[in-house]
Amino acid sequence: MLLQDITNTHRPNLTPTMLKRRFKTKKSAKPPKSKTTVHSLPNEMLTEIFVAATFASEESRLDVPHILSQVSSRWRAIVLNTSLFWTFIVITFPFTAKQVAQAKAALARSKTRPIDVHIDVRDPEWTWEFDEDHHGVRSVDIVEIMEWLGPSHPRWRSLSVFTDNWEPMQTFLAYSTMFSALPALEALSLNRCNAYAGVPGTTPDSVAPAELFGGDAHLPQLRHVVLSGVHIDYSCSGFKDLISLDLRHQSHGASPSLRELHQILSASPGLSSLSLVALSPSCSHGLEELKDSPITMAHLKELTLGWWNVEDAVEVLGLFRIPAVEVLSLEDVGSGLLGALEHTTFDDFPTHDSTPILDVLTEMIKAHRNSASLPLPSITPGSSLSHPSEELYMFPSRLRTFTINGTHLDPTTFSEFLPRLINLVELELKSIDYKLISALSVGMQPPNADQHPTTSDSGGEPTLRTLRLWLSSRGFRETARTLHEIKLQRPELRIVNMVDLALPEMASDWTA
């Protein structure tokens, strides 16, 4: 009951006073029996309850300790003297004296514990129509934050930084060169939140790459990295033994080269999640010299690949060996972003048709079928594949979830490719041409065992259970007809539409 009341203090119109409960007892001649109340609980038990309430969410980590410290002098003493409650340090824009004072107090109260640092200097009122020089956050603001926060860097367990523009992020990166070792850092997320930075045809960024933490920093515990729109020197990143890596929205000249990407991935043989989204064309540099040394990721379970130019994505994907991938997401970034840009159309791209991506995936399938006759690339250290000759090219037999976002694919090629995904459980289609959905009724057919000999967990029966769609009103009648046919063929299939359709002209036409 106490834990529930503490958690409920986040709801409107609830105050810490509700933590005090009054129990009504019937009048009796006998003296009332003693009852266990919150005041009779030992400090150790109260502390455990407070910890559970504090770590229920990120919001509660920030708010609950302050709420508890105002209930009573006893509670305040417990909270202030327990360093675990003060391990979340948050600084957000707009800056206030009270916010900074609370952050400094939490930093001191956390004592020697590892801390999670969150810096968000994005301006909610900022619009991309303004020049970056007119942003409300300046370099001096970042310097002031780092002057009191920087000395605690050996205790940083996670670090996330969010900015709108270049200047504050570059200031942070420059300041980070003083931190040559972060022994406790497990997760790093640096985000310059401008998805349009790498739009083809834009002027390359003139900002020189920064050496993250001074270059080749000592990061023994680092396992999770997100870099969005951040210009660092990838040749000396110090990244190794990563579990997840997310690189996205890199502007021209700021993306890692294929050689640098190869270096990072080879140093992380246990990588399980990889996202490469909207990297600039510089990423494809060095392709020829790496064709004979493909990048084998034996433990990779999730792969997200997004592109401005499908040719660059084809080159990158062609270097990968991904035998164990279970979740695959493909995204044409331009289709989602160009609508917000003036004087920009799909015709501005060298290649608009994304079908070549399916061709690469099909080649991987053929390689799996004929793996016995192919030369085997070297296995990365720590690989769990006990029989590389049989399993090295296992893609896509383990694929369970397949997402297509904004990609324009040839319907015939798509309908021929889909049956090859013999263990697919969930298919998600978002922002695609409605004609592609018409190919689903063909692609939903069970695979022909003679044409696609392989091993299926379902003994050849269709495994797809969920079809997740993001539909629009365009071509709705044709789409509805196709979905009806699919439902007749596969009554057990769950079809989910993620968008509410506004079709007033069809409101009274239930047949349609």
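Remember, predicted model here, so these are calculated numbers, not experimental data.

This brings us to the overall build of the protein. Within the protein one finds 17 helices and 15 strands. Out of the 512 residues belonging to the protein, those deemed buried represent 48%. The long-range share in the protein, meaning contacts at least 24 apart out of those at least 6 apart in sequence, stands at 77%.

The next thing to look at is the pairing of strand S14 (residues 466-470). Along S14, four of the five residues are buried, which leaves the element largely enclosed by surrounding structure. Pairing analysis gives five bridges linking strand S13 (residues 426-430) to S14, with the strands arranged parallel. Within S14, the residue paired with Leu427 across the bridge is Leu467. Examined bridge by bridge, S14 and strand S15 (residues 494-497) share four bridges and lie parallel to one another. Paired with Thr466 across the two strands is Arg494, which belongs to S15.

A few words now on the pattern of salt bridges. With the rule as written, the count across this model stands at eight salt bridges. A salt bridge links Asp116 to Arg61; the shortest N-O distance between them is 2.8 Å. With Asp116 in strand S2 (residues 115-120) and Arg61 in helix H3 (residues 58-68), this residue pair connects regions lying 55 residues apart in the sequence. Each member of the pair, Asp116 as well as Arg61, is classed as buried.

Let's shift gears to a negative patch on the surface. Together, Asp353, Asp359, Asp410 and Glu416 give the surface a local cluster of negative charge. Looking at the secondary structure, you find Asp359 in helix H12 (residues 355-369).

Within the fold, Ser268 resides in the loop between helix H8 (258-266) and strand S7 (273-277). With a relative accessible area of 3%, Ser268 lands in the buried category. Here Asp241 takes part through its backbone nitrogen, which lies 3.3 Å from a polar atom of the side chain of Ser268. Setting aside chain neighbours within four positions, we find Ser268 in contact with Lys240, Asp241 and Leu242.

Inspection of the secondary structure puts Val161 in strand S3 (residues 156-163). A relative accessible area of 4% means that Val161 is categorised as buried. For the pair formed by Val161 and Val121, sequence separation is 40 residues and the distance between their alpha carbons is 7.9 Å. Setting aside chain neighbours within four positions, we find Val161 in contact with Ile119, Met169, Phe172, Ser189, Leu190 and Asn191.

With that settled, consider the confidence of the model for the protein. Scored by pLDDT, the protein has a mean of 78; 71% of the residues are at 70 or more. Here residues 340-351 is modelled with pLDDT under 50, and outside its nearest four sequence neighbours on either side it reaches 18 contacts, counting other chains as well. Across residues 449-456 the pLDDT falls below 50, and counting only partners more than four positions away or on other chains, this stretch makes ten contacts in the model.

Below, the discussion takes up the pairing of strand S9 (residues 302-307). Two faces, one strand: in a regular strand the side chains alternate between the faces of the sheet. Pairing of S7 with S9 involves five bridges; the strand directions are parallel. The residue of S9 that forms the bridge with Ser273 is Glu302. Where S9 and strand S11 (residues 327-332) come together, six bridges link them in parallel fashion. The residue bridging Gly306 from the neighbouring strand is Glu331, located in S11.

Within this structure, the stated rule accounts for five aromatic pairs. Ring geometry for Trp156 against Phe179: centres 5.5 Å apart, planes inclined by 85°, an arrangement best described as edge-to-face. Taken together, the residues span a long stretch of sequence, with Trp156 in strand S3 and Phe179 in the loop between helix H7 (166-176) and strand S4 (187-192) at a distance of 23 residues. Three or more aromatic residues joined by ring pairs make a cluster, and in this case those are Trp156, Tyr175 and Phe179. Seen from the ring of Trp86, Arg109 lies directly overhead, with NZ or CZ sitting 4.6 Å from the centre. Lying across the ring of Trp470, Lys430 places its NZ or CZ 4.2 Å from the centre.

For the rest of this paragraph, the subject is the environment of Leu242. Residue placement: Leu242 occurs in the loop between strand S5 (224-228) and strand S6 (244-248). Residues Leu242 and Ile264, 22 residues apart in the sequence, show an inter-C-alpha distance of 8.8 Å. Among residues more than four places away in sequence, those in contact with Leu242 are Leu222, Arg223, Val225, Ile264, Ser268, Gly270 and Leu271.

Criteria and thresholds
Per chain, the residues get numbers from 1 upward, laid out in the order the sequence is written. Local features in a predicted model are, by the rule used here, given only for residues with pLDDT of at least 70; side-chain atom pairs are given and counted only at 80 or more, and totals for whole chains, interfaces and linings are based on all residues. Hydrogens are left out, water is left out, and the side-chain values use all remaining heavy atoms of the structure. We count a stretch as a helix when DSSP gives it H or I for four or more residues in a row; a strand needs E for two or more, and each element gets its number in order from the N terminus. Type-normalised accessible area, obtained with a 1.4 Å probe on protein chains alone, sets the label of each residue: buried when under 20%, exposed when over 50%, and partly exposed for intermediate values. Contact between two residues is taken to exist if any of their heavy atoms lie within 4.5 Å; hydrogens are not considered. Note on pairing: two strands pair once DSSP finds at least 2 bridges between them. Salt bridges are defined by distance alone: a side-chain nitrogen of Lys or Arg within 4 Å of a carboxyl oxygen of Asp or Glu. Put simply, a patch holds well-exposed residues, over 30% relative accessible area, that have no salt bridge, with like charges counted together within 9 Å and Val, Leu, Ile, Met, Phe, Trp or Tyr side chains within 5 Å. Residue-level accessible areas treat just the shown protein chains as cover; the underlying method is Shrake-Rupley with a 1.4 Å probe. None of His or the chain ends enter the tally, which takes Lys and Arg as positive and Asp and Glu as negative. In plain terms, the charge of a residue is placed at NZ if it is Lys, CZ if Arg, CG if Asp and CD if Glu. The definition of a polar contact used here is a pair of N or O atoms within 3.5 Å, where within protein one atom must be able to donate a hydrogen and the other to accept one, and adjacent residues in sequence count solely through side-chain atom pairs. pLDDT is a per-residue confidence score from the predictor, ranging from 0 to 100. Aromatic rings from Phe, Tyr and Trp, taking only the six-membered ring of Trp, are treated as a pair when their centres fall within 6.5 Å; an angle between ring planes under 30 degrees marks them as stacked, one over 60 as edge-to-face, and anything in between as tilted. Only lysine NZ and arginine CZ atoms are considered, and such an atom sits over a ring when it is within 6 Å of the ring centre and within 35 degrees of the ring normal.

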